[in-house]
Structure formats: structure tokens, C-alpha cells
Amino acid sequence: MNEPIPVTRVTAHGTVKLMPDVDRERAWLLTVDGAPQSYVDLDEPAHLEFEYARRLGHVLDVVDEPGRALDVVHLGGGALTLPRYMAVTRPGSRQHVVEADGELLELVVEHLPLPEGAGIALHVADARVWLEAAPDDSADIVVGDVFGGSRVPAHLTSVGYVRQVARVLRDGGVYLANLPDAAPFAFLRAQLATLGTQFDELVLIAEPGVLRGRRFGNAVLAASHRPVDIAALSRLTAADAFPARVEHGAALREFTRDARPVRDEDAVPSPEPPDGAFGIG
């Protein structure tokens, strides 16, 4: 009688569904137009189900001393998976979540409420518009995880956008991005070149099968002005159920090769995923 049931809402941005996980009592999957977007376990918010989310979490774990509170901006809200993660792994963190789909946020907060005192402020706005109005040097971390359907919007892929990210970040800050692509990686290589116009240190994390061109998938990029702890990050990603490679330095420069930074007038969305790439059965 009390079993959770799926919830569906049609918003201006698509059909949003919250579906309970039959294997975890208070865990939910969020999909938009059938594409999985987020997974949340209300009883264990530090549990990161999706591979890309775990890799983002690994970077968040190593960017500063464990447990230290940080100022974080999340561009893209979904089911608020990473904000919940930060609230328990780095309590006291001040977090801003920017999500264009206000009806999606309403659905998530109604059915998957945030804990009291989580320190998470929600903003219904376009990510770039909000970022352009944010104060200089106001964030330790900016996370870019914005998708229109299954694609990263074009206006969040250019030098103009990256310049705003760099302005908002403090000197020791880190930008994280979740980006999908497949061989020959024209989009991903251009994004590395674009980030390289503003940041000295770049790191790429992806499953070996994706990097070898065997399938379409997500890559996590980290960009900063100071080195990331590559050894610690490599240990964490290698211990996952689906291990990932951590590329940086000369190997990453070779991967980027002659890719050119993306101007606003040339920006395009990330590639359309092939049928079934991110679907659910």
C-alpha cells in the first residue's frame, strides 16, 4: 500500500519522470524525455550511482582537504545529486544550483526534499545568464552539468562562457564539466582547447573504451590554475566498478592536438547520442 510509485510531469523542457529503484528503498531515478539524468538515494546521499557522477565526486573529494566546506555553483540541477553529496561530505558548504527548468525543480523538491540546513540555494535561470551576473571570485568550484535533452547547449561551450567561469572562480578554484562525445572527439578536443584559453591545468577522466573509440560516452573534465592530485584521483577512479583513465599533461596535449577554441559565433551543442546510448530498458 505504501510502495512508491513513478511520478511524471510534462514541463516546457520535456517529459520528466521520477521512478523508484526496486533495489534501494528510498532511491529514485530522474529521466527527461527518457534519458537518465540523475539518481538519488535519500537515505544515503553520498551514494553516486552513475559513473560520471562518481567521477565528478572523486574530483570534488581531492580538490581540498577532506571535509572542508566550499562555495560551489552547480550549473544544471537535475535531482540535486551532487549538491546532496557535497552537503554530507563537506558539511557547511554554501551551494547555488542553477536550473532552467523550474517545474523540474519543483517536482524534485516536492518528492525528494532537501534536508534541513543543507545550505543549498535554488535558482531558476539560464546557466550562462546567471553566471554572468555572479560576483567575481565568489566560488571554489563550478560544476557544469547542463543538458538540453541529451546535449550540452551550444552557449555553454565557448570561450565567452569559459571566461565567465574563470571570473567567478577564486584563484585556487576548479571547474568541472560533464561532456559526452565519441571518436574522433571533435567536440571534446575543442572543449579542451577552449578551457585551455583560461586555465593552466587540465584533466580528463573517461572509461578506456570511450577513449579508444569503441562507444559513445561521458568524459569529465577538470580545469584549474593549480595542479589536481592526479595520484589520488587515479586511485579513486581505478577502484570503481567501471574503472576510468585519468589523462593530463603531455598525453592530454597530444589528445587535443590542433583543436581550436570555440567562439560564440561558432558554438554548437554536443553531439547527438546514438539510439540507446543513454536509454533505459
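Residues numbered from 1 in each chain as written. Predicted model: local features only at pLDDT ≥ 70, side-chain atom pairs only at ≥ 80, totals over all residues. Heavy atoms only, no water.

### Some words on unusual backbone geometry
So, point 1. Here the bond from A183 into P184 is cis, since omega is 10 degrees, no more than 30 degrees from zero.
So, point 2. Residue placement: P184 occurs in the loop between β9 (169–181) and α6 (186–195).
So, point 3. The backbone of F185 sits at a positive phi, close to 65 degrees, despite the residue not being glycine.
So, point 4. The residue F185 is located in the loop between β9 and α6 in this model.
So, point 5. Exposure remark for F185: the relative accessible area of 6% places this residue in the buried category. (Helix = DSSP H or I, 4+ residues; strand = E, 2+ residues; numbered from the N terminus. Buried < 20%, exposed > 50% of the residue type's maximum accessible area, 1.4 Å probe, protein only.)

### Focus on the nonpolar core
So, point 1. Judged by nonpolar contacts, the single largest core of 36 residues is most densely connected at V142, Y175, F199 and L204.
So, point 2. If one sorts the elements of this core by residue count, helix α5 (residues 159–168) sits on top with five residues.
So, point 3. For L204, the contacting residues outside a window of four places in its chain are L188, L192, L211, V220, L221, R245, V246, E247, L252 and F255. (Core = buried A, V, L, I, M, F, W, Y, C linked by side-chain atoms within 4.5 Å. Contact = heavy atoms within 4.5 Å.)

### A few points about the sheet that holds strand β12 (residues 245–248)
So, point 1. Here we have eight strands laid out as an open sheet, ordered β7-β6-β5-β8-β9-β11-β10-β12, and mixed in their pairing. Of all strands in the sheet, those bounded by a partner on one side alone are β7 (120–124) and β12. Pairwise comparison of adjacent strand axes, ignoring direction, gives a mean angle of 15 degrees for this sheet.
So, point 2. One ladder, built from five bridges, connects strand β8 (residues 139–144) with β9; its direction is parallel. Counterpart to I141 in the pairing with β9 is V174.
So, point 3. Here helix α2 (residues 81–89) sits on the sheet in contact with β5 (71–75), β6 (94–99), β7 and β8, set at roughly 175 degrees to β6. (Pairing = 2+ DSSP bridges. Axes fitted to C-alpha atoms, helices over the stretch in contact; angles between N-to-C directions.)

### Structural notes on helix α8 (residues 230–238)
So, point 1. Along α8, the positions that sit buried rather than exposed are I230, A232, L233 and T237. Buried residues of α8, viewed axially, fall in a sector of 160 degrees; they line one side.
So, point 2. Among the structural elements, α1 (51–62), β10 (201–206) and β12 are those in contact with the buried residues of α8. (Arc of directions from axis to C-beta.)

### Quick word on the side chain of R90
So, point 1. Here R90 shows up in the loop between α2 and β6.
So, point 2. Buried and without a salt bridge, R90 has D64 as its closest oppositely charged side chain, separated by 5.3 Å.
So, point 3. Reaching out from R90, the side chain makes a polar contact with the backbone oxygen of R68 at a distance of 2.9 Å. (Lys, Arg positive; Asp, Glu negative; His and termini not counted. Salt bridge = Lys/Arg side-chain N within 4 Å of Asp/Glu carboxyl O. Polar contact = N/O pair within 3.5 Å; in protein donor to acceptor, adjacent residues only side chain to side chain.)

### Notes on the packing of α6 against helix α9 (residues 249–256)
So, point 1. Contact geometry of α6 with α9 gives a least axis separation of 9 Å together with a crossing angle of 120 degrees. Classified by the interaxial angle, the pair formed by α6 and α9 is oblique. Both α6 and α9 take part in a crossing whose hand is left-handed. Residues L188, R189, L192 and A193 of α6 pack against L252, F255 and T256 of α9.
So, point 2. Tallied by class, residues from the contact of α6 with α9 come to five nonpolar, one polar and one charged. (Parallel < 35°, antiparallel > 145°, perpendicular 65-115°, else oblique. Left-handed = near helix turned anticlockwise from the far one by under 90°. Nonpolar A, V, L, I, M, F, W, Y, C, P; charged D, E, K, R; others polar.)

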